[in-house]
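Here's the letter readout for the chains.
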Amino acid sequence: MKRVVLIGGGYGGMNALHQLLDNNIPKDVQITVIDRNPYHSLKTEFYAITAGTKADKEVRIDFPLHEQVSYIFGEIIEINTDRELIRLKGNEIAVEYDYLLIGLGCEDNYHGIQGAMEYTESVQSISSARKASIKVNNLSAYSQVSVVGAGLSGIEVASEIRESRPDLNIRLLDRGATVLSAFDEKVQSYVEEWFRKNQVEILHHSNVELVAEGIFYNNGEGIESDVIIWTAGVRPNYLVRSLPFEKDRHEKS
Ligand SMILES: Cc1cc2nc3c(=O)[nH]c(=O)nc-3n(C[C@H](O)[C@H](O)[C@H](O)COP(=O)(O)OP(=O)(O)OC[C@H]3O[C@@H](n4cnc5c(N)ncnc54)[C@H](O)[C@@H]3O)c2cc1C
């Protein structure tokens, strides 16, 4: 029996699994999927979880059932490519593999900014988006939300919170001269205009240097905020970053 282990049941993992199943895998192959969650979660909808505009159930999808596929739900803490095994938190017995597929996704990149990890909310996992949602949705009227990072995720988070909570003060911190720096001017002006009309303040040329409880420092100025959401970049999952393989400049193996 050949043991294929697929770690991470996100978009990439599910795509790989469906392709294997659609291609009639040989009978002597057994696939084990490992994920921390007992369902596939639609990461592209986590901004709506954060804003409270979608219910949890709407972003969860059951994993496919197949006689050659089994599932283990738990937190992966080690990928040992020398011994070809995966270790899970609280589980003495490791999962051994002959072939390994990795789809663990990415996590926030805090760029070494002190306090960013501790004092900001994340939208990178379903559990962190739920936590952010509780904070945002429990805010009293006129509270301040700050979204750090004006790429696609930051834009989605800020606009969805605005549509969900017209009473809140929302500001978006943008590192450059315009939001969505990777997009063309037409898209940039449309988005900027939408934020202007919907009273979302944009701070261009931002440079967040330090974050503490309820406050962050932008270009040397301390700015208070009831909730701070971090959407200022991602990097590969730490388990993948620690693999003993050559990495590119984005830390990908
Ligand atoms: C708010 C938001 C909006 C987005 N919108 C878009 C969009 O519109 N279009 C687009 O193309 N992309 C979008 N993206 C990016 C997109 O979600 C990612 O590119 C995509 O999810 C990457 O797929 P993946 O399979 O590599 O990782 P993921 O989908 O993140 O899957 C990783 C899986 O690994 C599991 N996992 C991770 N670590 C562990 C561990 N230690 N133990 C066990 N399991 C673990 C997770 O539970 C998860 O199921 C968005 C992202 C966000 C945050």
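Residues numbered from 1 in each chain as written. Predicted model: local features only at pLDDT ≥ 70, side-chain atom pairs only at ≥ 80, totals over all residues. Heavy atoms only, no water.

## Remarks on the overall build of the protein chain
Reasoning step 1: When helices and strands are counted, the protein chain shows seven helices and 19 strands.
Reasoning step 2: Projected onto its principal axes, the C-alpha positions of the protein chain cover 60 × 40 × 35 Å.
Reasoning step 3: Classification of the 253 residues of the protein chain by burial places 44% in the buried group.
Reasoning step 4: Within the protein chain, counting contacts between residues at least 6 apart in sequence, those at least 24 apart form 68% of the total.
Reasoning step 5: For the protein chain, the accessible area works out to roughly 13900 Å², and carbon and sulfur atoms hold 50% of it.
Reasoning step 6: Charged side chains in the protein chain number 26 positive and 37 negative. The centres of these two groups are separated by 2 Å. (Helix = DSSP H or I, 4+ residues; strand = E, 2+ residues; numbered from the N terminus. Buried < 20%, exposed > 50% of the residue type's maximum accessible area, 1.4 Å probe, protein only. Contact = heavy atoms within 4.5 Å. Areas by Shrake-Rupley, 256 points an atom, 1.4 Å probe, with all protein chains shown as cover. Lys, Arg positive; Asp, Glu negative; His and termini not counted. Charge placed at Lys NZ, Arg CZ, Asp CG, Glu CD.)

## Notes on the side chain of Arg 165
Reasoning step 1: Relative to the helices and strands, Arg 165 resides in the loop between helix H5 (152–164) and strand E13 (169–173).
Reasoning step 2: Judged by relative accessible area, which is 12%, Arg 165 ranks as buried.
Reasoning step 3: From its side chain, Arg 165 meets the backbone oxygen of Leu 139 in a polar contact 2.8 Å long.
Reasoning step 4: Discounting residues that sit within four places of it in the chain, Arg 165 has contacts with Val 136, Asn 137, Leu 139, Ser 140 and Ala 141. (Polar contact = N/O pair within 3.5 Å; in protein donor to acceptor, adjacent residues only side chain to side chain.)

## Describing the site of the ligand
Reasoning step 1: Around the ligand, the structure places 23 residues, and the nearest of them are Tyr 11, Gly 12, Asp 35, Arg 36 and Ile 76.
Reasoning step 2: Measuring from an oxygen atom of the ligand, one finds a backbone N or O atom of Gly 12 at 2.7 Å.
Reasoning step 3: For the ligand, the protein covers 74% of the area, taking 990 Å² as the surface of the free molecule.
Reasoning step 4: Sorting the residues of the shell around the ligand by element identifies helix H1 (11–22) and H5 as the ones contributing at least two each.
Reasoning step 5: Its residues assigned to classes, the shell around the ligand comprises six nonpolar, twelve polar and five charged. (Near = heavy atom within 4 Å. Nonpolar A, V, L, I, M, F, W, Y, C, P; charged D, E, K, R; others polar.)

## A few points about helix H4 (residues 126–137)
Reasoning step 1: The end-to-end C-alpha distance of H4, which contains twelve residues, comes to 16 Å, matching closely the 16 Å that a straight helix rising 1.5 Å per residue would cover.
Reasoning step 2: Of the residues making up H4, those classed as buried are Ile 126, Ser 128, Ala 129, Ala 132, Ser 133 and Val 136. Within H4, the buried residues cover an arc of 155° as seen down the axis, which keeps them to one side.
Reasoning step 3: Looking at the packing, one finds that the buried side of H4 touches strand E3 (40–41), helix H2 (46–51), strand E4 (60–61), strand E11 (121–122), H5 and strand E18 (227–230). (Expected span 1.5 Å × (residues − 1). Arc of directions from axis to C-beta.)

## Thoughts on the UniProt feature "domain: FAD/NAD(P)-binding" (unreviewed entry) in the protein chain
Reasoning step 1: UniProt feature "domain: FAD/NAD(P)-binding" (unreviewed entry): in the numbering of this structure it lies at residues 3–239.
Reasoning step 2: Taken end to end, residues 3–239 is 26% helix and 32% strand, and its first and last C-alpha atoms sit 21 Å apart. (UniProt positions renumbered as here; feature names shortened; annotations may be inferred.)

## Here we look at the domain arrangement of the protein chain
Reasoning step 1: Looking at the protein chain, the domain boundaries give domain 1 (2–105 + 237–241) and domain 2 (109–234).
Reasoning step 2: If you look at the interface, domain 1 gives 17 residues, while domain 2 gives 16 residues.
Reasoning step 3: Around 1300 Å² of area is buried between domain 1 and domain 2 when both sides are counted, 60% of it from carbon and sulfur atoms.
Reasoning step 4: A salt bridge links Asp 56 to Arg 130; its shortest N-O distance comes to 2.7 Å.
Reasoning step 5: Put simply, domain 1 and domain 2 have six residue pairs in polar contact (both at pLDDT 80 or more) between them.
Reasoning step 6: Counting residues per element, the side of domain 1 that touches domain 2 draws most heavily on H2, at six residues.
Reasoning step 7: When grouped by side-chain class, the residues that make up the side of domain 1 that touches domain 2 number seven nonpolar, six polar and four charged. (Domains from an automatic or database assignment. Buried area = accessible area lost by both parts, 1.4 Å probe. Salt bridge = Lys/Arg side-chain N within 4 Å of Asp/Glu carboxyl O.)

## Thoughts on the packing of H5 against helix H6 (residues 185–197)
Reasoning step 1: Packing of H5 against H6 brings their axes to within 11 Å, and their N-to-C directions diverge by 30°. The orientation of H5 with respect to H6, classified from their angle, is roughly parallel. The element H5 and its partner H6 pack so that their crossing is left-handed. Residues Ile 155, Ala 158, Ser 159, Arg 162 and Glu 163 of H5 form the contact with H6, whose participating residues are Val 191, Trp 194 and Phe 195.
Reasoning step 2: Among the residues forming the contact of H5 with H6, the class breakdown is five nonpolar, one polar and two charged. (Axes fitted to C-alpha atoms, helices over the stretch in contact; angles between N-to-C directions. Parallel < 35°, antiparallel > 145°, perpendicular 65-115°, else oblique. Left-handed = near helix turned anticlockwise from the far one by under 90°.)

## Thoughts on the pattern of salt bridges
Reasoning step 1: Using the criterion set out here, one finds 15 salt bridges in the structure.
Reasoning step 2: In this structure, Asp 28 engages Lys 2 in a salt bridge whose closest nitrogen and oxygen atoms are separated by 2.9 Å. Here Asp 28 is found in the loop between H1 and strand E2 (29–35), whereas its partner Lys 2 is found in strand E1 (residues 2–7), with 26 residues between them in sequence.
Reasoning step 3: By relative accessible area, Asp 28 is classed as partly exposed at 33%.
Reasoning step 4: On the basis of relative accessible area, Lys 2 is assigned to the partly exposed category, the value being 37%.
Reasoning step 5: A salt bridge links Arg 165 to Asp 167; its shortest N-O distance comes to 2.7 Å.
Reasoning step 6: Using a relative accessible area of 24% as the deciding quantity, one classes Asp 167 as partly exposed.

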